[in-house]
Amino acid sequence: MIKLNNVSKIYNKGKDNEVIALDNACVEIIAGSSVAIMGVSGSGKSTMLNIIGCLDVMTSGEYCIGDKEVATLKSNELAEIRNAKIGFVLQENALINSESVYENVKLPLCFSKKYKIKEFKKRVLEVLKSLNIDSLYKRKVRDLSGGQRQRVAIARALVNDPDIILADEPTSALDSKTASEIIAIFKDLQGEGKTIIIVTHDKRVADQLDRTVYIKDGLLSDIDVI
Ligand SMILES: Nc1ncnc2c1ncn2[C@@H]1O[C@H](COP(=O)(O)OP(=O)(O)O)[C@@H](O)[C@H]1O
Ligand SMILES: [Mg+2]
């Protein structure tokens, strides 16, 4: 269970360029469910996802993952949650283009204790195979198609076998057929028991998930306020 209670994020607090990117957000996300976060550009979607993914810290409020309150965790405990429990598919997928598929997907293993060094290759190839891209493992990311790159980004998010998968607009740069394939991958992962949270502009994506949370000017709603 993921629970946000009155979570706010204020950039440049107290200055004249202050932005309330998230305004007293309250939401509970049940483990194993899938949720879409929708809203126009600048509404606070990435801010919310980054806080859920422990990539960013909230200004105020309470955020719990399972029985752990994130604000009370020591930095090593937080790093452990971020590496082992959460898989993040970043906006624009943030891969290292000059490196191979293998090196990109291996990277998070180096920051986690979940797998031993001698298991790395087997683990990476196992994840690549589950996404049907094992034959690409030596290729440089820059030589891949958009859909292939997105699969690599998902593989990287999955390599530590996280419980929670977060994805920031994972289909925005894809044609509709490739987008459907990528969403099918997320649905399969939910079928394996993972919690899926996807920021999207695309209603067809949101419609395939259990629930949609709408966000406008940092305010959350369960009804469409966009
Ligand atoms: N690092 C930052 N510093 C200042 N303002 C920011 C920063 N990141 C985001 N913002 C502002 O916070 C608001 C929400 O941004 P964001 O969460 O990226 O929106 P979305 O992902 O919905 O497009 C926007 O007004 C944006 O300009
Ligand atoms: Mg964004």
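Residues numbered from 1 in each chain as written. Chains lettered and ligands numbered in written order. Predicted model: local features only at pLDDT ≥ 70, side-chain atom pairs only at ≥ 80, totals over all residues. Heavy atoms only, no water.

**As for the site of ligand 1**
Logical step 1: Around ligand 1, the neighbouring residues are Tyr11, Asn12, Val19, Ala21, Val40, Ser41, Gly42, Ser43, Gly44, Lys45, Ser46 and Thr47.
Logical step 2: In the environment of ligand 1, an oxygen atom lies 3.2 Å from a nitrogen or oxygen atom belonging to the backbone of Ser43.
Logical step 3: At a separation of 2.8 Å, an oxygen atom of ligand 1 approaches a polar side-chain atom of Lys45.
Logical step 4: Isolated, ligand 1 exposes 560 Å² of accessible area, and the fraction of that covered by the protein chains is 61%.
Logical step 5: Listed by contribution, the elements that provide at least two residues to the shell around ligand 1 are strand E2 (19–29) and helix H1 (45–52).
Logical step 6: Broken down by element, the shell around ligand 1 gets its largest block of residues, 3 residues, from H1. (Near = heavy atom within 4 Å. Polar contact = N/O pair within 3.5 Å; in protein donor to acceptor, adjacent residues only side chain to side chain. Areas by Shrake-Rupley, 256 points an atom, 1.4 Å probe, with all protein chains shown as cover. Helix = DSSP H or I, 4+ residues; strand = E, 2+ residues; numbered from the N terminus.)

**Let's talk about the packing of helix H5 (residues 146–158) against helix H6 (residues 176–191)**
Helix packing geometry: the angle between the two helix axes and the distance between the axes.
Logical step 1: Two elements in contact, H5 and H6, have axes separated by 10 Å at closest approach and are oriented at 15°. Compared by their axis directions, H5 and H6 come out roughly parallel. The handedness of the crossing between H5 and H6 comes out as right-handed. Mapping the contact onto sequence places Gly147, Gln150, Arg151, Ile154 and Leu158 in H5 and Thr178, Glu181, Ile182, Ile185, Phe186 and Leu189 in H6. (Axes fitted to C-alpha atoms, helices over the stretch in contact; angles between N-to-C directions. Parallel < 35°, antiparallel > 145°, perpendicular 65-115°, else oblique. Left-handed = near helix turned anticlockwise from the far one by under 90°. Contact = heavy atoms within 4.5 Å.)

**As for the packing of aromatic side chains**
Logical step 1: In this structure the tally under the stated criterion is 1 aromatic pair.
Logical step 2: Ring centres of Tyr102 and Tyr137 lie 6.4 Å apart, and the angle between their planes is 80°; on these two criteria the pair is classed as edge-to-face. Taken together, the residues Tyr102 in helix H3 (residues 101–106) and Tyr137 in the loop between helix H4 (120–130) and H5 connect sequence positions 35 residues apart.
Logical step 3: Residue classification places Tyr137 among the partly exposed residues on the basis of a relative accessible area of 24%. (Phe/Tyr/Trp six-rings, centres within 6.5 Å; stacked < 30°, edge-to-face > 60°. Buried < 20%, exposed > 50% of the residue type's maximum accessible area, 1.4 Å probe, protein only.)

**What about the pairing of strand E7 (residues 164–168)?**
Logical step 1: Counting buried residues along E7, 5 of its 5 residues qualify, which places the element largely inside the surrounding structure.
Logical step 2: Where burial is concerned, the two faces of E7 agree: the one with Ile164, Leu166 and Asp168 and the one with Ile165 and Ala167 are both buried.
Logical step 3: Where E7 meets strand E8 (residues 195–199), 5 bridges bridge the pair, whose relative direction is parallel. Residue pairing for E8: Ala167 is matched across the bridge by Ile198.
Logical step 4: Traced from E7 through H6 to E8, the parallel crossover comes out right-handed. (Pairing = 2+ DSSP bridges. Right-handed = clockwise from strand over helix to strand, strands pointing away.)

Honestly, that's just the spatial picture; any functional story needs more than this.
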